[in-house]
Amino acid sequence: MLNIKDLHVKLEEEDKVILKGVDLDVPAGAVHAIMGPNGSGKSTLSYVLSGRDGYEVTSGSATLDGADLLELDPEERASAGLFLAFQYPVEIPGVGNMTFLRTALNAQRKARGEDEISAGDFLKLIREKAKSLKIDADMLKRPVNVGFSGGEKKRNEILQMAMLEPKMCILDETDSGLDVDAMRLVSEGVNALRDAGRSFLVITHYQRLLDHIKPDVVHIMANGRMIKSGGPELALEVEKNGYADILEEMA
Amino acid sequence: MAMAAENSDATADRLASLTMPEGSGWASAARGAALERLQMMGLPRRRDEYWRFTRPDDLNATQAPSAAVLHSDEGSLFSDVDRLNIVFRDGVFDAAASDDLSGEGLEIERLETATARDIHWSKDVYGVLEARGQVPVQRPFAALNTAFATDGIVIRATARVSKPVNLTYLHEDPDSDSILHFVVRVEAGAELTVLENGPAAARFNKCMEIDVADGGTFHHVRAQGRDHERRAVTHLFARLGIGSTFKSFTLTVNGVLTRNEAVIEITGDNAVAHIAGAAVGDGNFHHDDTVFVTHDAVNCESRQVFKKVLRNGAVGVFQGKILVKNGAQKTDGYQISQALLLDEDAQFLAKPELEIYADDVACSHGSTTGAIDEEALFYLRSRGVPTDEAQDLLVLAFLAEAIDEIDSEVIADNILARLEGWLVRRRG
């Protein structure tokens, strides 16, 4: 599904190299987690994959089902099935949540040569998805993320994911700022989307989230590359001992 | 105040090119008094305090600069509103194209028939509110209008009028120069909506005086025509009685020169005055909102909400003032003027003013100039919304606070449709 080969990335504005040869292969239906100390490049990886400005890919490749992601605009990546759940979802005053979601869904359908969804079908769909995430009608009507609590913002990200049905979902520290109940709600939302044709890349600092969203593979990222991969037990090891042992072992 | 010689010449030239229409005694007196006011103050000059950001030359010129007539396939605005439609063609009333001048709770007639009568209710308003609005800021084009207006309508609402009165201004002659004057009186407890739509002429001078009696409600929504080269100077003069409501919204799409002045005097306690505008311009576009709200009563609320979207050399101007007179306690005054600049060539000039002589008031004002929020743009794009569409969504979001000032959903939808049309035409 997602193939990243020897990806090197620097900041556009300054001569700072962030990713120094990332290799990653997430097969269809798999859940991979990335953990790593602050500043290791985890969030940068998610931004580069989604097409945010400000980064320059100096070498390497990233493909989604064979399509060269790095050649595509952010909206084309989305239509190709990539979704990033933001660590800090953006507030957009004046744009209603529903309008936003309908515009996004129809834009993606249009880009894929599909018919637009009717207003009635859309309403039915969003009500059903919102209900399971405990998102009420008021939240749907309000401007995108404006006045939402941290938990509401993250739930809203998962709602978007559920509505847009991407095949590759990247969750960038979705657990940050969540209390226990919200974490369970968000995780249930993600687990409900697990499917043989859909893959997940879960970026997190804490093993806690991985209790809820069980990964197939855990990668440890440090200093711009993956330094170790393993099963879920690797996350437990990090939780217990921190990164020091692994960093030392790899040095 | 004595006029400078050059200004005096310019004023004399302009006046020589105009003819005062005939009327009865009271109308002639009103027009004559306006002419005297105009002669005293003279036409505006660039160095006048309130004309520093907008060149008055094209408005002062004896001949109107021509403006190509825009042929648009866009449907007529407000056509789905159940309305009383009154049509002006290059500034001349077109009876055949207009609905009958009658309606429940309405007294409505052409200005020339009203001014031909010896006694008429409009006598207490025509030129009266305009004259009050000349202090402390002079508004020469309004005095010129009162003196020389060639046509117009007087409207009196005596009850709740369900159908909006829609003034449609067609522009067909590329050299037309039109001066229209409207008088509105909303009697105690009555309610009236006035809609305006169209460019009206190559050069358009419009004055509307609105007297809202105690408990009266007046709604006003206008869309200024899309003809690129048109020029317009308009004035709204409103006087608000006890517990009355005044709400006005203006959409401006295109136009090389637009100067919209609004002078609102709140004279009765517990009154509410809202005035809003959304202006979008691309290229040779100069749009000026000059607003003066005077609080002279207790416990009143005023809101000014003006938003401009500018690109490609377009210029926006906002000069807005809230004056709270001594004794106008419990005033709640709000003013916001904001520009969204879509590139680095656009310009926004703002002069917000507060002048407060009462000690128990809440007044706030703000003015901002900004660009499209790149974070929001990326967020929308990351969800699959193409850049153009994402930018349009953010533009409409920016304008939302102004459009929200329109109470009627069907009328607001008309305004939104026109804005969306503008946005779509500018893509690609």
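What you see is a predicted model; the values in this text were computed from it and never measured.

*Asks:* I would appreciate a short explanation of the overall build of chain B in the present structure.
*Replies:* Scanning chain B from N- to C-terminus turns up nine helices and 19 strands. Against the globule reference of 22 Å for 428 residues, chain B gives a C-alpha radius of gyration of 21 Å, in line with a compact fold. A principal-axis box enclosing the C-alpha atoms of chain B has dimensions of 70 × 50 × 50 Å. Within chain B, the fraction of its 428 residues that count as buried is 60%. Across chain B, every contact between residues at least 6 apart in sequence was considered, and the portion connecting residues at least 24 apart equals 84%. Carbon and sulfur atoms make up 46% of the accessible area of chain B, which amounts to about 15600 Å² in all. Here chain B contributes 42 positive and 66 negative side-chain charges, whose respective centroids are spaced 2 Å apart.

*Asks:* Would you take a moment to explain a negative patch on the surface for this structure?
*Replies:* Taken together, the side chains of A:Glu12, A:Glu13, A:Glu14, A:Asp53, B:Asp373 and B:Glu374 present a region of like negative charge at the surface. Assignment of secondary structure puts A:Glu14 in the loop between β1 (2–11) and β2 (17–26). With a relative accessible area of 45%, A:Glu14 lands in the partly exposed category.

*Asks:* Explanation requested: the packing of aromatic side chains in the structure shown.
*Replies:* Geometrically, a pair of aromatic rings is defined through the distance of the ring centres and the angle of the planes. Taken as a whole and assessed by the stated rule, the structure comprises 13 aromatic pairs over all chains. Look at A:Phe86 and B:Phe378: their rings are 5.8 Å apart centre to centre, the planes differ by 50 degrees, and that puts the pair in the tilted class. Of the two residues, A:Phe86 sits in the loop between β6 (82–85) and β7 (92–96) while B:Phe378 sits in helix α7 (residues 374–382), which places them in two different chains. Among the residues examined, A:Phe86 registers a relative accessible area of 3% and is labelled buried. With a relative accessible area of 8%, B:Phe378 lands in the buried category. The interplanar angle of 70 degrees and the centroid separation of 5.6 Å between the aromatic rings of B:Trp51 and B:Phe141 together place this pair among those described as edge-to-face.

*Asks:* Sorry if this is basic, but what is going on with the interface of chain B and chain A here?
*Replies:* When the parts come together, some accessible area is lost, and that loss is often what is quoted as the size of the interface. Taken together, the contacts link 16 residues of chain B with 28 residues of chain A. Of the roughly 1900 Å² buried between chain B and chain A on both sides combined, carbon and sulfur atoms contribute 65%. Considering only the surface of chain B that becomes buried against chain A, B:Phe378, B:Tyr379 and B:Arg383 emerge as the three largest contributors, covering 42% of it. Close ionic contact of B:Glu375 with A:Arg52 constitutes a salt bridge, the shortest N to O distance being 2.6 Å. Applying the counting criterion to the chain B and chain A interface returns 10 residue pairs in polar contact (both at pLDDT 80 or more). When contributions to the side of chain B that touches chain A are tallied by element, the ones reaching two or more residues are α7 and α8 (387–403) of chain B. The class makeup of the residues in the side of chain B that touches chain A is nine nonpolar, three polar and four charged.

*Asks:* Honestly, the confidence of the model for chain B in this entry has me stumped. Any pointers?
*Replies:* Per-residue pLDDT for chain B has a mean of 95; in total, 98% of the residues score no lower than 70. Complex prediction metrics read pTM 0.92 and ipTM 0.95.

*Asks:* Mind showing me how you'd approach the packing of helix α4 (residues 119–132) of chain A against helix α6 (residues 150–164) of chain A here?
*Replies:* Helices that pack against each other are described as a pair by the angle of their axes relative to one another and the distance between those axes. All names here are of chain A. Axis separation between α4 and α6 bottoms out at 10 Å; the angle between their running directions is 135 degrees. As far as their axial angle goes, α6 and α4 are oblique. Classified by chirality, the crossing of α6 by α4 is right-handed. From α4, Phe-122, Leu-125, Ile-126, Lys-129 and Ala-130 reach across to α6, where they touch Leu-159, Ala-162 and Met-163. Along the lines of polarity and charge, the residues of the contact of α4 with α6 split into seven nonpolar, no polar and one charged.

*Asks:* I'm lost on the sheet that holds strand β4 (residues 55–64) of chain A in this one. Help?
*Replies:* To summarise the sheet geometry, strands pair through backbone hydrogen bonds and adopt either a parallel or an antiparallel arrangement. Residue and element names in this part refer to chain A. An order of β2-β1-β4-β5 is seen for the four strands of this open sheet, with the pairing classed as antiparallel. Sheet topology places β2 and β5 (67–68) at the edges, where each strand pairs with a single neighbour. Judged from the seven bridges that link them, β1 and β2 form a sheet pairing that is antiparallel. Note on β2: the bridge partner recorded for Lys-10 is Val-17. Along the sheet face, helix α1 (residues 42–50) touches β1, β2 and β4 and points at about 105 degrees away from the line of β1.

*Asks:* Mind showing me how you'd approach the packing of α8(B) against helix α9 (residues 409–425) of chain B here?
*Replies:* All names here are of chain B. Closest axis-to-axis distance for the α8/α9 pair is 11 Å, and the angle between their directions is 150 degrees. On the basis of their axis angle, the class for α8 and α9 is roughly antiparallel. Handedness of the crossing formed by α8 with α9: right-handed. Contacts from Asp-392, Val-395, Leu-396, Leu-399 and Ile-403 of α8 reach α9 at Leu-416, Leu-419, Glu-420, Leu-423 and Val-424. Among the residues making up the contact of α8 with α9, the classes are represented as eight nonpolar, no polar and two charged.

Cut-offs used in this document
- Within each chain, residues carry numbers counting from 1 in the order of the written sequence.
- Ligands are numbered from 1 and chains lettered from A, in the order in which they are written.
- With pLDDT at 70 or above as the cut-off, local features in this predicted model cover only qualifying residues; side-chain atom pairs require 80 or more to be listed or tallied, and sums for whole chains, interfaces and linings still use all residues.
- Water and hydrogen atoms were dropped before computing side-chain values, which therefore reflect all heavy atoms in the structure.
- Elements are defined by DSSP. Helices are runs of H or I of four residues or more, strands are runs of E of two residues or more, and each kind is numbered from the N terminus.
- As defined in this context, the radius of gyration uses C-alpha atoms, and a globule is described by 2.2 Å times the residue total to the power 0.38.
- Using a 1.4 Å probe on the protein chains alone, a residue whose accessible area is under 20% of its type maximum counts as buried, one over 50% counts as exposed, and one in between counts as partly exposed.
- Contacts were defined at the residue level, with two residues in contact if any of their heavy atoms lie within 4.5 Å.
- To measure how exposed things are, a 1.4 Å probe is used in the Shrake-Rupley method; for residues, cover is taken only from the protein chains shown.
- When charges are counted, Lys and Arg are positive and Asp and Glu negative, with His and the chain ends excluded.
- Throughout, a charge is located at the NZ atom of Lys, the CZ atom of Arg, the CG atom of Asp or the CD atom of Glu.
- A patch is a set of surface residues, each over 30% in relative accessible area and not in a salt bridge, joined within 9 Å for like charges and within 5 Å for the nonpolar side chains Val, Leu, Ile, Met, Phe, Trp and Tyr.
- By salt bridge we mean one thing: a side-chain nitrogen of Lys or Arg within 4 Å of a carboxyl oxygen of Asp or Glu.
- Each Phe, Tyr or Trp ring, with Trp reduced to its six-membered ring, pairs with another whose centre is within 6.5 Å; inter-plane angles below 30 degrees give stacked pairs, above 60 give edge-to-face pairs, and intermediate values give tilted ones.
- By buried area we mean how much accessible surface two parts lose on assembly, using a 1.4 Å probe and totalling the loss over both.
- Throughout this description, a polar contact denotes any pair of N or O atoms lying within 3.5 Å of each other; where both atoms belong to protein, one of them has to be capable of donating a hydrogen while the other can accept it, and for residues adjacent in sequence the pair is counted only when both atoms sit in side chains.
- Residues were grouped as follows: Ala, Val, Leu, Ile, Met, Phe, Trp, Tyr, Cys and Pro as nonpolar; Asp, Glu, Lys and Arg as charged; and all remaining residues, including Gly, as polar.
- Residue-level confidence of the predictor, termed pLDDT, takes values from 0 up to 100.
- Whenever a helix is involved, its axis is fitted only over the stretch in contact; in every case the axis is a line through C-alpha atoms, and angles between N-to-C directions fall within 0 to 180 degrees.
- Comment on the angle field: the value is read as roughly parallel under 35 degrees, roughly antiparallel over 145, roughly perpendicular from 65 to 115, and oblique elsewhere.
- Put simply, a crossing is left-handed when the front helix is turned counterclockwise from the back one by less than a right angle, and right-handed when it is turned clockwise.
- Note on pairing: two strands pair once DSSP finds at least 2 bridges between them.

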